[in-house]
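As a plain string of letters, each chain reads:
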Amino acid sequence: MEVIIPCWNCQTDTKVVDFRCSICNKIQNIRKTNPYDIFNLKQCYLIDNEELEIKYFQLQNIFHPDKFINSAEKEKEISAYESSNINNAYNLLLNNVDRIKILLKLKGYKANPNNEESFTDKDLLEEIMELQNRCMSIENENEKVKIKTEIIEKIRIIELEINSNFEKEKIPEIKNLSVKLSYLEKIKKNLN
Amino acid sequence: MAYSKNLIDHYENPRNVGSMDKESKEVGTGLVGAPACGDVMKLQIKVSDSGIIEDAKFKTFGCGSAIASSSLITEWVKGKSVDEAHSIKNTEIANHLALPPVKIHCSVLAEDAIKAAIADYKDKNKK
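Throughout what follows, the structure given in this document is the object of discussion. (Residues numbered from 1 in each chain as written. Chains lettered and ligands numbered in written order. Predicted model: local features only at pLDDT ≥ 70, side-chain atom pairs only at ≥ 80, totals over all residues. Heavy atoms only, no water.)

Our next topic: the overall build of chain A. Within chain A one finds seven helices and three strands. Of the regular secondary structure in chain A, the N- to C-terminal order runs β-β-β-α-α-α-α-α-α-α. Taken against the 2.2 N^0.38 rule, which gives 16 Å for 192 residues, the C-alpha radius of gyration of chain A at 21 Å runs more than 25% over that of a compact globule. Of all 192 residues assigned to chain A, the portion counted as buried reaches 37%. When the accessible surface of chain A is split by element, carbon and sulfur atoms take 48% of a total near 11,500 Å². (Helix = DSSP H or I, 4+ residues; strand = E, 2+ residues; numbered from the N terminus. Rg over C-alpha atoms; globule rule 2.2 N^0.38 Å. Buried < 20%, exposed > 50% of the residue type's maximum accessible area, 1.4 Å probe, protein only. Areas by Shrake-Rupley, 256 points an atom, 1.4 Å probe, with all protein chains shown as cover.)

And the structure:
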């Protein structure tokens, strides 16, 4: 990847190849503000986790602080900053609820205006409560596997719906689905 | 940080866990949730002809503070009139249980749940 930016060391506009200045070879900041751009991913809700993982390792291979033990202070600083930046971005993108917030923000919508208020959609809450009741009365490993498979399938369908709603810019629908998704993810986590 | 005695007491020995027939005219059901933390709270009240809350039950899936808040509020509303119960503030719950700042929303959930239960009861008994 090649870009032209001013190098902090050379103080001139230089070609940067793989985040290093082509003149002095010093490491450069990523200069990307959102997680999708950091990994050079298309801004879609459904992402390819394998592609993301590969890019994550490629970037950490460039920026990891272990590679800068004998480097200049400024390089250590950039490495520490960017490698933690990369970790954060990676974890955000892996999280299917966080990804909704990121995309909403990128598209200029407020992520969760009513985060502080109690949620009152009865049908959804009843469905969740029913599911939680079932989880509480699990008696054996088979039942647990069955419920977990069911939840994973529900999550998969919701993710597809969210993806298609993002494509159609149907924002209110996305917000409701995101509530359901956070509940299901929480139940799934508690089952582990 | 340690949780208060009151909170631990309600968490370890929750009062009035259970449910009532939500179809009954005497019963008001409030169902509220906090998606961010995955809490769901169901609170039910049984109201006498004279408008006094005779019984209250709850079922909460959530953290200890959410369970303690709902347990406490069921104790408080019993024997009170619907209007008195409606005026219970989340800050009273939070103070009694000494909820830490990050758990204040659990008491808000309990207040919203009782208000929702009362609204449901009133809705069912509209003349």
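Right, let's get into the overall build of chain B. Looking only at helices and strands, chain B features five helices and three strands. Written out in order from the N terminus, the α and β elements of chain B read α-β-β-β-α-α-α-α. Against the globule reference of 14 Å for 127 residues, chain B gives a C-alpha radius of gyration of 14 Å, in line with a compact fold. Projected onto the principal axes, the alpha-carbon positions of chain B cover approximately 50 × 25 × 20 Å.

This part is about the nonpolar core. Residues and elements named next belong to chain A. Grouped together as the largest cluster of nonpolar side chains are 49 residues, with contacts concentrated most on Phe39 and Ile162. Of all the secondary structure elements, the ones that give two or more residues to this core are α1 (35-38), α2 (49-63), α3 (73-94), α4 (96-106), α5 (122-136), α6 (141-167) and α7 (171-191). Built from parts of two domains, this core gets at least three residues from each of domain 1 (2-94) and domain 2 (112-191). The residues contacting Ile162, other than those within four sequence positions of it, are Tyr45, Ile100, Ile174, Leu177 and Leu181. (Core = buried A, V, L, I, M, F, W, Y, C linked by side-chain atoms within 4.5 Å. Domains from an automatic or database assignment. Contact = heavy atoms within 4.5 Å.)

Let us look at the packing of aromatic side chains. Residues and elements named next belong to chain A. Under the definition given, this model contains five aromatic pairs over all chains. Taking the centre distance of 6.0 Å and the plane angle of 25° together, the rings of Tyr45 and Phe166 count as stacked. One end of the pair, Tyr45, is in the loop between α1 and α2; the other, Phe166, is in helix α6, with 121 residues separating them in the sequence. Grouping residues by exposure puts Tyr45 and Phe166 together as buried. Between Tyr56 and Tyr90, the aromatic rings sit 3.8 Å apart at their centres with planes inclined by 10°, giving stacked as the arrangement. Taken as a pair, Tyr56 in helix α2 and Tyr90 in helix α3 lie far apart in primary sequence, 34 residues in all. Of the two residues, Tyr56 and Tyr90, neither departs from the other in class, the shared state being buried. Of the aromatic side chains, those joined through ring pairs into one cluster are Phe39, Tyr56, Phe57 and Tyr90. Positioned over the ring face of Trp8 is Lys74, at 6.0 Å from the centre of the ring. Lying across the ring of Tyr45, Arg99 places its NZ or CZ 4.7 Å from the centre. (Phe/Tyr/Trp six-rings, centres within 6.5 Å; stacked < 30°, edge-to-face > 60°. Lys NZ or Arg CZ within 6 Å of the ring centre and 35° of its normal.)

Take the interface of chain B and chain A next. Where interface size is given, it is often the accessible area lost as the parts come together that is meant. In this complex, chain B contributes 21 residues to the contact, which on the side of chain A involves 16 residues. Surface buried jointly by chain B and chain A totals about 1,500 Å² across both partners, of which 63% is contributed by carbon and sulfur atoms. The tally of links from chain B across to chain A stands at two salt bridges. Measuring nitrogen to oxygen at the nearest pair gives 3.5 Å for the salt bridge that ties Lys22(B) to Glu126(A). The interface formed by chain B and chain A contains five residue pairs in polar contact (both at pLDDT 80 or more). Every element with two or more residues in the side of chain B that touches chain A is listed here: β1 (27-34), β2 (39-47), β3 (53-61) and α5 (104-124) of chain B. (Buried area = accessible area lost by both parts, 1.4 Å probe. Salt bridge = Lys/Arg side-chain N within 4 Å of Asp/Glu carboxyl O. Polar contact = N/O pair within 3.5 Å; in protein donor to acceptor, adjacent residues only side chain to side chain.)

All names here are of chain A. Applying the stated criterion to the full structure yields 20 salt bridges over all chains. Across the pair Lys55 and Glu51 runs a salt bridge whose closest N-O atoms are separated by 3.1 Å. With a gap of four residues between them, Lys55 and Glu51 both fall in helix α2, about one helical turn apart. Accessibility expressed as a relative area gives 32% for Glu51, which makes it partly exposed. Shared partners join several salt bridges into a network, and the residues in it are Arg20, Lys26 and Glu75.

In this section: the pairing of β2(B). Residues and elements named next belong to chain B. Of all nine residues making up β2, eight are buried, and the element is well covered by its neighbours. Bridge analysis of β1 against β2 gives eight bridges, and the strand direction is antiparallel. By the bridge assignment for β2, Val32 is matched with Met41. Taking the residues between adjacent antiparallel strands as the criterion, β1 and β2 are bridged by four residues, where Gly38 takes a positive phi near 80°. (Pairing = 2+ DSSP bridges.)

Attention shifts here to unusual backbone geometry. Located in the positive-phi region is Arg31(A), a residue other than glycine, with phi close to 60°. By the secondary structure assignment, Arg31(A) is in the loop between β3 (20-21) and α1. Here the phi dihedral of Asn16(B) falls at roughly 60°; this positive angle occurs in a residue that is not glycine. Locating Asn16(B) in the fold gives a position in the loop between α1 (5-12) and β1.

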